[in-house]
Structure formats: structure tokens, C-alpha cells
Amino acid sequence: MSEFSPDNHRSARTLVSFFGAWAFALPVAAQQHAHAHGRMALDVAVDAQSITLAIESPLDGFLGFERAPRNDSERKRVADMVARLKAADQLFQPDPTAGCKLSKVSLDSAVLGLGDARKAVEDERGPTHAGKVPHAEDKHADIDVDIVFTCVKAADARFIDVRLFDAFKRMRTIDTQVASPQGQFKRSLRPGASRLSLVR
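Bear in mind the structure is a predicted one, so any value in this text is a computation, not a measurement. (Residues numbered from 1 in each chain as written. Predicted model: local features only at pLDDT ≥ 70, side-chain atom pairs only at ≥ 80, totals over all residues. Heavy atoms only, no water.)

Enquirer: Even after reading the chapter, I still don't get the pattern of salt bridges, so can you show me in this structure?
Expert: It is possible for side chains of opposite charge to pair when their charged atoms get near one another. For the coordinates displayed, the defined rule picks out eight salt bridges. A salt bridge links Asp 175 to Arg 39; the nearest nitrogen and oxygen atoms lie 2.6 Å apart. Here Asp 175 is found in strand β7 (residues 173-180), whereas its partner Arg 39 is found in strand β1 (residues 39-46), with 136 residues between them in sequence. Given a relative accessible area of 28%, Asp 175 falls into the partly exposed group. For Asp 72, the salt bridge goes to Arg 75, with nearest N and O atoms at 2.9 Å. Of this pair, Asp 72 and Arg 75 both sit in helix α3 (residues 72-86), three residues apart, which is roughly one turn of the helix. Judged by relative accessible area, Asp 72 falls into the exposed class, the value being 60%. Taken together, the shared-partner salt bridges connect Asp 161, Arg 163 and Arg 195 into one network. (Salt bridge = Lys/Arg side-chain N within 4 Å of Asp/Glu carboxyl O. Helix = DSSP H or I, 4+ residues; strand = E, 2+ residues; numbered from the N terminus. Buried < 20%, exposed > 50% of the residue type's maximum accessible area, 1.4 Å probe, protein only.)

Dropping the structure here:
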């Protein structure tokens, strides 16, 4: 089993940072991405047996708002977003040559009460009551999504088809960084040009 397989419990961000250093370090791999509506940051790390994706995006691109939902319609919008992101193999389709299968998806957003971000808020303010999420102060709330595909030969993948623009119409640009045994490079994706090349 590869040293960087999902079983070692490293997060996608740790993998991307590692590959950034390993591939002669572009500093962008570790820096914070700017908050801009309609724009998403996607880091991709390719290992021998896995393709790992780390998303950082304003919630506005997924939901049209950046706060806890206030009514049933907004709660349904959040539930639909979560369901779509959990089915990440419908949104990201690696080159079939690599033989990849979705193995892990984790979502973090304090304002929505998702993942480790929720735990951090609870630790700071105490546990939630009656299923309510503590109010987040950040007026520009983001969501982080970590996705791992386990592959037979990940290094053979030449592309990933990205279907986010079809699923989330508010998304306009995806700024990507790819770290692989070939090196590290950037790509920009837009509606109508959403195939992410993994070849330098």
C-alpha cells in the first residue's frame, strides 16, 4: 500500500502541502486562497494509488448565501448541496485509465455545522442545543471539501472531468493547482472548459 493512501488518515490539505514541498515548492500550495464569490480553489495531489482533491470556496458559490439557513427552503438547499458534494464521483470523474473509485469525502463549514469546523465552534462556545448550530461571526463563510479517490494506477490519469459548473450555476471560475510526480502547475477552469488536464 502506498505511503500516502487514505488509510494513513492524512487530510487532503496535508497531502497537497506535502506534494507542494516535494515538487520543488510553489508557495501557493500552502497559502490561503482569497474569498471571492463565484470563484473556487481546487488543489489536486496525484500519488501512485490515489488522487486527492481539496476544495476551498465561499458558500455563496454553492448556496447563494453565506450564513446558517433561516427557513425550510434554505435548509433544503443546504441538504441538497451536501448530498451533491458527498456524491463527489458525479462531480469529479478521473480518467478511466487510472481505475479510480471514490473512497472518502469530508465537508467542513462552521456556519453550517459541518465536520471539524463544527467541533471547533462547539469546543469554543459549548455544545449545540436542540440541533442548532452556534452562530458563526464570519460574514464571508467558506466551505472546505476533501475528496479522495483510490486508484489502481493514479499516475496514469491524464485528466479529471469537473462537473461542478453544471451542478452549481453560481460557480464561474475554478483556480486549480496540481501536484504530481511530474511536478506542480496551475490551471484555470470555466464553464465550457472544465476538463482538468493532469499532464504538464
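Continuing now.
Enquirer: Any chance you could explain the sheet that holds strand β5 (residues 142-151) here in plain terms?
Expert: Pairing between sheet strands relies on hydrogen bonds along the backbone, with the strands arranged either parallel or antiparallel. Reading across the sheet, the six strands line up as β4-β5-β2-β1-β7-β8 and stay open at both edges, with mixed pairing between neighbours. What marks the edges here is a single partner per strand, and that holds for β4 (100-108) and β8 (183-189). Taking each pair of neighbouring strands and ignoring which way they run, the sheet shows an average axis angle of 15°. When β1 meets strand β2 (residues 50-58), the two strands line up antiparallel, connected through six bridges. Directly across from Val 46, in β2, lies its bridge partner Ile 51. The sheet contacts of α3 involve β4 and β5, and relative to β4 the element is tilted by about 145°. (Pairing = 2+ DSSP bridges. Axes fitted to C-alpha atoms, helices over the stretch in contact; angles between N-to-C directions. Contact = heavy atoms within 4.5 Å.)

Enquirer: What's the story with the side chain of Ser 109 in this structure? I'm lost.
Expert: Tracing the sequence through the fold places Ser 109 in the loop between β4 and α5 (115-125). Ser 109 sits in the buried class, given a relative accessible area of 1%. There is a polar contact of 3.4 Å between the side chain of Ser 109 and the backbone oxygen of Asp 142. (Polar contact = N/O pair within 3.5 Å; in protein donor to acceptor, adjacent residues only side chain to side chain.)

Enquirer: Sorry if this is basic, but what is going on with the state of the cysteines here?
Expert: Disulfides are covalent bonds that link the sulfur atoms of two cysteine residues. Counted according to the given criterion, the structure contains one disulfide. Note on cysteine connectivity: Cys 100 is disulfide-linked to Cys 151, with sulfurs 2.1 Å apart. Residues Cys 100 and Cys 151 are joined by a disulfide whose S-S torsion is about 105°; by sign, that bridge is right-handed. You can see Cys 100 sitting in strand β4 and its partner Cys 151 sitting in strand β5, a full 51 residues away along the chain. For Cys 100, a relative accessible area of 25% corresponds to the partly exposed category. (Disulfide = S-S within 2.5 Å.)

Enquirer: When you look at the nonpolar core in this model, what are you seeing that I'm missing?
Expert: One recurring pattern in soluble globular proteins: nonpolar side chains tend to sit buried together. Ranked by size, the top nonpolar core spans 45 residues in total, and within it Val 44, Ile 51, Phe 62, Met 81 and Phe 92 carry the most contacts. It is β5 that provides the largest number of residues to this core, a total of five residues. When sequence neighbours within four positions are dropped, the list of residues in contact with Phe 62 reads Met 40, Ser 57, Met 81, Leu 85, Ile 143, Leu 164, Phe 168 and Met 171. (Core = buried A, V, L, I, M, F, W, Y, C linked by side-chain atoms within 4.5 Å.)

Enquirer: Could you clarify how one ought to interpret the sheet that holds strand β6 (residues 159-162) in this entry?
Expert: Pairing is antiparallel across the open sheet formed by three strands, whose spatial order is β3-β6-β9. What marks the edges here is a single partner per strand, and that holds for β3 (92-94) and β9 (195-197). The average undirected angle you get between the axes of adjacent strands in this sheet is 20°. Where β3 and β6 come together, three bridges link them in antiparallel fashion. Paired with Gln 93 across the bridge in β6 is Asp 161.

By themselves, these observations are geometric and do not establish any function.
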